[in-house]
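# An overview of the molecular structure
Listed here are the chains, written in short residue letters.
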Amino acid sequence: MSFRKGFDIALPLPSLIGSVSNNYLDINKRDILLFFRGTGVRDLQYHTSLRKAATQLSLYNKKIIIELRYRSSGQFYGILPNKWNVSKYGYVGKSNFQINLVGMKNSIFVLAIRGYGLSSYRLLEALECGAIPVIICDNLVLPYSSDGTTINWNEISFRFSESYMIEHPKELVKKLEKLVNEKMNLLLSMQHKGKQVYNKYLSTHHRHLDRGIEYIPIALNMTFSNIMKAVHALNFDRQALDP
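First things first, this report covers the structure right here in the doc. Nothing here was measured: the structure is a model prediction, and the numbers come from that model.

## Concerning the side chain of Asn100
Structurally, Asn100 is set in helix H2 (residues 96-105). By relative accessible area, Asn100 is classed as buried at 6%.

## A closer look at the nonpolar core
Membership of the largest hydrophobic core comes to 32 residues, with the highest contact counts inside it found for Leu34, Phe109, Leu111, Met165 and Leu187. Breaking this core down by element, the ones donating at least two residues are strand S1 (32-40), helix H1 (45-54), strand S2 (64-70), strand S3 (107-113), strand S4 (132-136), strand S5 (158-160), helix H5 (169-182) and helix H6 (184-202). Looking at this core element by element, the count peaks at 5 residues for H5. Apart from the residues within four sequence positions on either side, Leu111 is in contact with Leu34, Phe35, Phe36, Ala54, Ile66, Arg122, Val134 and Ile136. Counting 16 residues, the second largest nonpolar core, distinct from the first, contains Leu124, Ile135, Tyr201 and Leu202.

## Observations regarding the environment of Ile65
Mapped onto the fold, Ile65 is located in strand S2. Sequence-wise, Ile65 and Phe36 are 29 residues apart; in three dimensions their C-alpha atoms are separated by 6.3 Å.

## Brief notes about the pattern of salt bridges
Applying the stated criterion across every chain, the model contains 4 salt bridges. The salt bridge partner of Asp31 is Lys88, with a shortest N-O separation of 2.7 Å. In this pair, Asp31 sits in the segment before S1 while Lys88 sits in the loop between S2 and H2, placing the two residues 57 residues apart along the sequence. By relative accessible area, which is 29% here, Asp31 ends up partly exposed. The shortest N-O distance in the salt bridge between Arg69 and Glu67 comes to 3.8 Å. What makes Arg69 partly exposed here is its relative accessible area of 31%.

## Re the pairing of S1
In terms of burial, S1 is largely enclosed, as 9 of its 9 residues are buried. Direction of pairing for S1 relative to S3: parallel, over a ladder of 3 bridges. Residue pairing in the sheet places Phe35 in a bridge with Val110 of S3. As paired strands, S1 and S2 are joined by 7 bridges and run parallel to one another. Within S2, the position partnered with Gly38 by the bridge is Leu68.

## A short note on the side chain of Ser120
Among the structural elements, Ser120 can be located in the loop between S3 and helix H3 (122-128). Taking relative accessible area as the criterion, Ser120 reaches 7% and is therefore assigned buried. Of the polar contacts made by the side chain of Ser120, one reaches the backbone nitrogen of Arg122; its length is 3.0 Å.

## Quick look at the environment of Ile32
Summarising the element assignment, Ile32 is placed in strand S1. Take Ile32: its relative accessible area is 4%, and that puts it in the buried class. Residues Ile32 and Ile65, spaced 33 residues apart in sequence, show a C-alpha to C-alpha distance of 7.4 Å. With residues up to four places along the chain from it excluded, the contact list for Ile32 reads Lys63, Ile65, Trp84, Tyr89, Gly103, Asn106, Ser107 and Ile108.

Thresholds applied
- Residue positions within a chain follow its written sequence, with the count starting from 1.
- Local features in this predicted model are restricted to residues whose pLDDT is 70 or higher, and side-chain atom pairs enter the listing and the counts only when it is 80 or higher, whereas totals over whole chains, interfaces and linings include all residues.
- Excluding hydrogens and water, the side-chain figures rest on all heavy atoms present in the structure.
- Helix numbering and strand numbering both begin at the N terminus, where a helix is a DSSP run of H or I of at least 4 residues and a strand a DSSP run of E of at least 2.
- Burial here depends on accessible area, computed with a 1.4 Å probe over protein chains only, as a share of the maximum for the residue type. Under 20% is buried, over 50% is exposed, and the range in between is partly exposed.
- Among the buried residues, those of types Ala, Val, Leu, Ile, Met, Phe, Trp, Tyr and Cys that are joined through side-chain atoms within 4.5 Å form a nonpolar core.
- Here a residue-residue contact requires only that any non-hydrogen atoms of the pair lie within 4.5 Å.
- Salt bridge, as used here, is a side-chain nitrogen of Lys or Arg placed within 4 Å of a carboxyl oxygen of Asp or Glu.
- DSSP calls a pair of strands paired once it identifies at least 2 bridges connecting them.
- In protein, a polar contact requires one atom able to donate a hydrogen and another able to accept it; more generally it is a pair of N or O atoms within 3.5 Å, and residues adjacent in sequence count only if both atoms are side-chain atoms.

Following this line, the structure appears as structure tokens:
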């Protein structure tokens with residue numbers, strides 16, 4: 001069933017990071033162009049093949065870090081990532097959460113590519129870390145966007161079709177490079193707006209639920225059990241999840 005505008009509610013996948021200081025690094029001082037670390041599952045061919053296609057982006061700029069491993073074996077898949085040393089940024093541990101955090105806090109753009117479902121945890125995590133999301137998902141209805149007034153995602157993110165990333169990776173990278181070289185003031189504005197939007201609408205699970213409730217039309221006959229399912233989906237143990 002497709003999304004029904006004015007009837008269904010698009011809630012975001014919450015950030016798994018927890019809390020990031022508002023004293024983030026301006027993107028004109030960051031040295032990673034595009035960042036993503038994640039996993040693939042062999043049995044979920046569409047999920048893994050799309051992410052595998054994303055690794056080709058790293059062929060066209062050494063400042064693109066895309067690191068993908070199979071969940072079961074831990075082995076890399078796709079094109080081997082460009083080398084980067086997380087210790088350069090002052091972290092010497094092995095926590096995946098912390099490595100992801102370091103990467104996103106030092107990246108201009110963060111790839112928010114669909115995972116098991118249509119959305120990605122990286123969407124909110126990018127905003128939380130002061131990066132600009134690059135969204136790759138054709139059918140995703142972005143959170144709180146269906147009424148056209150709450151969040152204007154065009155002001156805080158970029159979006160490309162799945163086919164464009166797969167068929168034109170070099171052109172996609174050139175677009176990002178051109179933005180950095182010619183539109184840095186725009187990117188700084190997007191970064192600051194993104195952080196403001198995150199803090200206002202997206203920073204806690206309670207805000208997600210509060211905003212979601214505001215979107216429920218009075219005439220909507222939503223059963224108590226469905227409401228509880230939505231609440232349960234937002235109240236999870238983030239320590240039990242692998243990013």
